[in-house]
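Each chain, written out:
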Amino acid sequence: MDSFLPSPDRDAISKTYNGQIDSHLIQKTNARYREILPNLPRRKGWMTEHLVQYQGVWLTPNAALKGLMWVQDHFKPRSTDIFLATFPKTGTTWLKALTFTTVNRTRYGFADHPLLTTVPHGCLPFLEACPNDLDGFPSPRLLSTHIPYTLLPNSMTVNQSCRFVYICRDPKDVLVSKWLFMNKLRPKELAPISLEEAFELFCQGISHYGPYWDHVLGYWKASLESPEKVLFLKYEELKEEPSVVVKRLGEFLGYPFSLEEESKGVVEEIVKLCSFENLSNLEVNKSSVLKLSTQIIVDNRHFFRKGKVGDGKSYLTDEMIKRINEITSEKLLGSGLVFGS
Ligand code: PAP
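Residues numbered from 1 in each chain as written. Predicted model: local features only at pLDDT ≥ 70, side-chain atom pairs only at ≥ 80, totals over all residues. Heavy atoms only, no water.

1. Some remarks on the pattern of salt bridges
Point 1. Applying the stated criterion across every chain, the model contains 12 salt bridges.
Point 2. Between lysine 264 and glutamate 260 there is a salt bridge; the shortest N-O distance is 3.2 Å. Linking lysine 264 with glutamate 260, this pair stays in helix H12 (residues 259-264), spanning 4 residues, or about one helical turn.
Point 3. Taking relative accessible area as the criterion, lysine 264 reaches 62% and is therefore assigned exposed.
Point 4. Between arginine 305 and aspartate 311 there is a salt bridge, and its shortest N-O distance comes to 2.7 Å.
Point 5. A residue is classified by how much of its surface remains accessible, and aspartate 311, at 10% relative accessible area, is buried.
Point 6. The network of salt bridges with shared partners includes Arg305, Lys306 and Asp311. (Salt bridge = Lys/Arg side-chain N within 4 Å of Asp/Glu carboxyl O. Helix = DSSP H or I, 4+ residues; strand = E, 2+ residues; numbered from the N terminus. Buried < 20%, exposed > 50% of the residue type's maximum accessible area, 1.4 Å probe, protein only.)

2. Section: the side chain of aspartate 311
Point 1. With respect to the helices and strands, aspartate 311 occurs in the loop between strand E9 (297-299) and helix H16 (318-332).
Point 2. If we skip the residues at most four places from it in the chain, aspartate 311 touches Asp173, Arg305 and Lys306. (Contact = heavy atoms within 4.5 Å.)

3. What to know about the sheet that holds strand E3 (residues 57-59)
Point 1. Pairing is antiparallel in the open sheet, where 3 strands are placed in the order E1-E2-E3. The two strands at the open ends of the sheet, each matched to only one other strand, are strand E1 (42-44) and E3. Looking at each pair of strands side by side, their axes are set apart by 35° on average, direction ignored.
Point 2. With 3 bridges connecting them, strand E2 (residues 50-54) and E3 associate as antiparallel partners. The residue bridging valine 52 from the neighbouring strand is leucine 59, located in E3.
Point 3. Along the sheet, helix H3 (residues 63-74) contacts E2 and E3; its crossing angle with E2, the most-contacted strand, is approximately 25°. (Pairing = 2+ DSSP bridges. Axes fitted to C-alpha atoms, helices over the stretch in contact; angles between N-to-C directions.)

4. Some thoughts on the pairing of strand E4 (residues 82-86)
Point 1. The buried fraction of E4 is high, at 5 of 5 residues.
Point 2. Side chains Ile82, Leu84 and Thr86 project from E4 onto one buried face, and the interleaved Phe83 and Ala85 project onto a second face that is buried too.
Point 3. Direction of pairing for E4 relative to strand E5 (residues 142-145): parallel, over a ladder of 4 bridges. In the strand pairing of E5, isoleucine 82 is matched with leucine 142.

5. Topic: the nonpolar core
Point 1. Trp46, Leu65, Phe164, Val165, Phe202, Tyr212 and Tyr219 are the most contacted members of the largest nonpolar core, which totals 106 residues.
Point 2. Among the elements that take part in this core, helix H7 (residues 171-185) stands out by supplying 8 residues, more than any other.
Point 3. Leave out the neighbours within four places in its chain, and phenylalanine 202 touches Trp46, Phe87, Pro171, Val174, Leu175, Ser207, Tyr212, Trp213 and Ile324. (Core = buried A, V, L, I, M, F, W, Y, C linked by side-chain atoms within 4.5 Å.)

6. Topic: the sheet that holds E4
Point 1. Judged by pairing direction, the sheet is parallel, and its 4 strands sit side by side in the order E5-E4-E6-E7 without closing on themselves. Each having just a single partner strand, E5 and strand E7 (230-234) make up the two edges of the open sheet. On average, adjacent strands in this sheet sit at an angle of 20° to one another, irrespective of strand direction.
Point 2. Across the face of the sheet, helix H9 (residues 212-225) comes into contact with E4, E5, strand E6 (163-168) and E7 while running at roughly 130° to E7.
Point 3. Strands E4, E6 and E7 of the sheet are contacted by helix H11 (residues 242-253), whose axis makes an angle of about 170° with E7.

7. Re helix H4 (residues 92-103)
Point 1. Its 12 residues place the ends of H4 16 Å apart at the C-alpha level, agreeing with the 16 Å of an ideal helix rising 1.5 Å per residue.
Point 2. Within H4, 12 of the 12 residues are buried, which leaves it mostly tucked inside the rest of the structure.
Point 3. Of all the residues in H4, the buried ones are Thr92, Thr93, Trp94, Leu95, Lys96, Ala97, Leu98, Thr99, Phe100, Thr101, Thr102 and Val103. (Expected span 1.5 Å × (residues − 1).)

8. A few points about the environment of leucine 98
Point 1. Of note, leucine 98 is situated in helix H4.
Point 2. On a C-alpha basis, the gap between leucine 98 and proline 120 in space is 9.1 Å, while along the polypeptide they are 22 residues apart.
Point 3. Sequence-distant contacts of leucine 98, that is, excluding residues within four places in its chain, are made with Leu238, Val246, Leu249, Ile270, Val271 and Cys274.

9. So, the packing of aromatic side chains
Point 1. According to the stated counting rule, one finds 19 aromatic pairs in the structure shown.
Point 2. Ring centres 6.5 Å apart and planes at 75° place the aromatic pair tryptophan 46 and phenylalanine 202 in the edge-to-face group. Placement of tryptophan 46 in the loop between E1 and E2 and of phenylalanine 202 in helix H8 (residues 195-203) is noted, with a sequence separation of 156 residues between them.
Point 3. Overall, tryptophan 46 belongs to the buried group, its relative accessible area being 0%.
Point 4. Judged by its relative accessible area of 0%, phenylalanine 202 falls in the buried class.
Point 5. Where phenylalanine 181 meets phenylalanine 303, the ring centres are 5.8 Å apart and the plane angle is 35°; that geometry is what we call tilted. (Phe/Tyr/Trp six-rings, centres within 6.5 Å; stacked < 30°, edge-to-face > 60°.)

This is the structure we're talking about:
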């Protein structure tokens, strides 16, 4: 979920930061955006016509680029902020559900939980989408972001003790999940993007917030340097041992599960509520939509496709699998991070 984030236009940003930021500063960001946009490298987009490259990352020219610039220029983090950081299609929806439920477990009961009637994206907003009342959010603010770690402002990574939870996923599954999803959202006037084209672009790093491997490595390195600030998770591990990972998540976020909670099966309840089987079968996720902007409305069901590990391989040729595995080994060499085969 990225390029279709609500566009933080000038009015929205003024409202968001009303009273906090001099409108002169907002105008400066807008002016800089208009100035740099025409000169940025441009390549074919997955959902939009083009992606542009800014500070080494590929972004949709409107929502994602503006969102990044505004975060860099204007976002005021709090030390208690919790950010869920993801590359699109790596498990954002699932991580949002799990984190929201874990942190708010004394607030909401399982029988009438907000997730039963609201898509996870509706419970936990994207930072770069600049929701109008970020400043009014109670602490700890739960926010998500697709922005690479290396592009976040120092105010978020160095000067504050904000916490980040990152989830990564095997690139073959990310690529296929993204390709299928993006084609669903691609405007009718643009021809669908073929798997071969998507594969080439992905391998060259040209996909929203790509290159994928740089995104992963940025958070991986940060998690090694500051394990108390950055928790690094893998979709595959979460699938394999969800209760173990949820306990780690609770501990890391400062919401550890007590022995009593464990014995009452609270962890398992959270896992069950947030499971693919449960969420994808809820009425809200089968038939409702998420309005992300005036132009973009997404069927909630598109956020839940198969939720499996290794499904990407059934779409890719042996040659494609070999190439993407080779790129992955090369990029991650020496980092200590590995994905499955
Ligand atoms: P986003 O970037 O649009 O938010 P994101 O949630 O990161 O997408 O990833 C979507 C993937 O997570 C989909 O994978 P698939 O295409 O391979 O099936 C989706 O099915 C999967 N997913 C969503 N919710 C869950 C869940 N509760 N458990 C496991 N996987 C899930």
